[in-house]
Amino acid sequence: MVILKSRDEIATMRRAGRVVARTLERVVAAVKPGVSLRELDELGARTITGEGATASFLGYHPRFAPTPFPASLCLSVNEVIVHGIPDRTRLRAGDVLSIDCGAVVDGYHADAAVTVPVGEIDPAAARLLEATERALWAGIAQARVGNRLSDISHAVGQVAHASGYGILADHGGHGVGQLLHEDPSVDNDGRPGRGPRLRDGLVLAIEPMFVDGDPAYLHRPDGWAVATRDGSRSAHFEHTVAVLDDGPEPLTVP
Ligand code: MG
Ligand code: MG
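This is a predicted model, so every value here is computed, not measured. (Residues numbered from 1 in each chain as written. Chains lettered and ligands numbered in written order. Predicted model: local features only at pLDDT ≥ 70, side-chain atom pairs only at ≥ 80, totals over all residues. Heavy atoms only, no water.)

With that settled, the discussion passes to helix 4 (residues 149-163). Helical periodicity: at 3.6 residues per turn, an α-helix aligns residues three or four positions apart in one direction. The end-to-end C-alpha distance of helix 4 is 23 Å, a good match for the 21 Å that 15 residues give at a rise of 1.5 Å each. Those residues of helix 4 that sit buried are Leu149, Ser150, Asp151, Ile152, Ser153, Ala155, Val156, Gly157, Val159 and Ala160. (Helix = DSSP H or I, 4+ residues; strand = E, 2+ residues; numbered from the N terminus. Expected span 1.5 Å × (residues − 1). Buried < 20%, exposed > 50% of the residue type's maximum accessible area, 1.4 Å probe, protein only.)

As structure tokens, then:
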């Protein structure tokens, strides 16, 4: 069931979105060769709680997962596309790191992700990051009252096709609100003009996940991390976006 949000609810989600944006800014600023994923997660956790919010992911236990998520951030390196569990792994120059963050304020979630370079990265990795972020904004531009849901999917997918990137199957965006994952699901590809009409008050997490190679994936033994089978690198960008009568408003901004 799709739940439209009131202006008051969207104002609360804007506060949650600001916490997510500030947390991502602080964690991104700490990314460098030698830092461990666990150190970055601890910084993220301190930032979220310091803002008076709660981490959405800590203890989150969806049906597909064998255990509750044990950290505040999802940190996914190189061939790990999403849902990486922060561990003692230390970043190396040339890695690409996806940082996914969710925060709850007064019962409402916001959810956003960025993928960033660690030190110097090669031009192919830089292109992947640039295209995936551009696809996010292409999707956001379609999050307009009167459009249909798959107009967003189509805009995201077209960027992947034009750039020659694979799209992670079975994963995509989602409604967000009092639950981290609400209806509807937002595919990252598809024909335009399908699905429900977008209405004022709909809040969606839009999140392209692109692979520089074969997007076939597997789950790591921890049951959470989703990685490419052949080691191809991946990127993931996400904003929580309110569909409003006067246009889409990204909520996960500072
Ligand atoms: Mg996310
Ligand atoms: Mg999400």
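Now that the structure is up, let's keep going.
Listed as protein donors to the magnesium ion (ligand 2) are Asp111 (OD), His174 (NE2), Glu207 (OE) and Glu238 (OE); their distances from the metal cover 2.1 to 2.2 Å. Each donor residue of the magnesium ion (ligand 2) lies on the same chain, and together they follow the pattern D-x62-H-x32-E-x30-E. Separating the magnesium ion (ligand 2) from the magnesium ion (ligand 1) is a distance of 3.2 Å, and Asp111 supplies a donor atom to each of them. Residue Glu207 is located in the loop between strand 9 (203-206) and strand 10 (209-211), and its partner Glu238 is located in the loop between strand 13 (234-236) and strand 14 (239-244); the two are separated by 31 residues in the primary sequence. Looking at Glu207, the relative accessible area reads 6%, which means it is buried. (Donors = N, O, S within 2.8 Å, 3.2 Å for Na, K, Ca; no water.)

So, on to the sheet that holds strand 12 (residues 226-228). Strands in a sheet are paired, the pairing made by backbone hydrogen bonds, and the direction either parallel or antiparallel. Taken in spatial order, the three strands line up as 3-12-11 in an open sheet, and their pairing is antiparallel. Each of the sheet's edge strands pairs with one partner strand only, and the pair in question is strand 3 (80-82) and strand 11 (217-219). Between one strand axis and the next, the sheet turns by 40° as a mean value, whatever way the strands run. In the sheet, strand 3 pairs with strand 12 via two bridges, with the strands oriented antiparallel. When the sheet's bridge partners are listed, Val82 is paired in strand 12 with Val226. (Pairing = 2+ DSSP bridges. Axes fitted to C-alpha atoms, helices over the stretch in contact; angles between N-to-C directions.)

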